[in-house]
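Understanding the architecture of this molecule
So you can see what is in the structure, the chains are spelled out below.
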Amino acid sequence: MKGVGGGLFFVLFVGWAIYVMATPDSCTRVSRIGSPVRIAFDGVRWLGQNWLSTESRLELLLWSINADTWTQDIVAQTLYGSDHQCGGKK
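Summarised in this report is the structure supplied together with it. Bear in mind the structure is a predicted one, so any value in this text is a computation, not a measurement. (Residues numbered from 1 in each chain as written. Predicted model: local features only at pLDDT ≥ 70, side-chain atom pairs only at ≥ 80, totals over all residues. Heavy atoms only, no water.)

**Observations concerning the environment of Cys 86**
Considering the arrangement of structural elements, one finds Cys 86 in the segment after α4 (54-80). Taking the relative accessible area as the measure of exposure, Cys 86 reaches 21% and is therefore partly exposed. For Cys 86 and Val 30, which are 56 residues apart along the polypeptide, the C-alpha to C-alpha distance reads 8.9 Å. (Helix = DSSP H or I, 4+ residues; strand = E, 2+ residues; numbered from the N terminus. Buried < 20%, exposed > 50% of the residue type's maximum accessible area, 1.4 Å probe, protein only.)

What follows is the structure, given as structure tokens:
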């Protein structure tokens, strides 16, 4: 079973890497790099939808947006330097 899980993870990772590198636009690439963070938070919100209050769900959504923005900022700065700008940020 370990081999199947590791193989599945490897296939997903390679597919994600190809998805990220398939675009020549650096802003799209940075956005695609952050997709695992968005998927993880979407899963947490989906799992908690029946147990969380509306206020907690909104707070989790805010955390999700901040985590996605933070991830994209770190990746853009690491890969393209501090002067890289996407989405109208200055």
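**So, the packing of helix α2 (residues 26-33) against helix α3 (residues 35-47)**
Contact geometry for α2 and α3: axes closest at 4 Å, N-to-C directions at 35 degrees. Two secondary-structure elements touch here, α2 through Ser 31, Arg 32 and Ile 33 and α3 through Ser 35, Pro 36 and Arg 38. Of the residues in the contact of α2 with α3, the class split is two nonpolar, two polar and two charged. (Axes fitted to C-alpha atoms, helices over the stretch in contact; angles between N-to-C directions. Contact = heavy atoms within 4.5 Å. Nonpolar A, V, L, I, M, F, W, Y, C, P; charged D, E, K, R; others polar.)

**Examining the packing of aromatic side chains**
Here a ring pair, both rings aromatic, is described through the centre-centre distance and the interplanar angle of the planes. Evaluated as defined, the whole model comprises two aromatic pairs. Taken together, a centroid distance of 6.5 Å and an interplanar angle of 20 degrees make the contact between Phe 9 and Phe 13 stacked. Note that Phe 9 and Phe 13 are positioned in helix α1 (residues 2-21) at a spacing of four residues, about one turn of the helix. Between Phe 13 and Trp 16 the ring centres are 5.8 Å apart and the planes differ by 45 degrees, which places this aromatic pair in the tilted class. With Phe 13 and Trp 16 both in helix α1, this residue pair falls three residues apart, about one helical turn. Site record: aromatic cluster; members linked through ring pairs are Phe 9, Phe 13 and Trp 16. The residue whose ring lies beneath Arg 32 is Tyr 19, and the NZ or CZ to ring-centre distance is 4.4 Å. (Phe/Tyr/Trp six-rings, centres within 6.5 Å; stacked < 30°, edge-to-face > 60°. Lys NZ or Arg CZ within 6 Å of the ring centre and 35° of its normal.)

**What to know about the nonpolar core**
Counting residues in hydrophobic clusters, the biggest one holds five residues: Val 20, Val 30, Ile 33, Val 75 and Ala 76. Elements that contribute at least two residues to this core include exactly α2 and α4. (Core = buried A, V, L, I, M, F, W, Y, C linked by side-chain atoms within 4.5 Å.)

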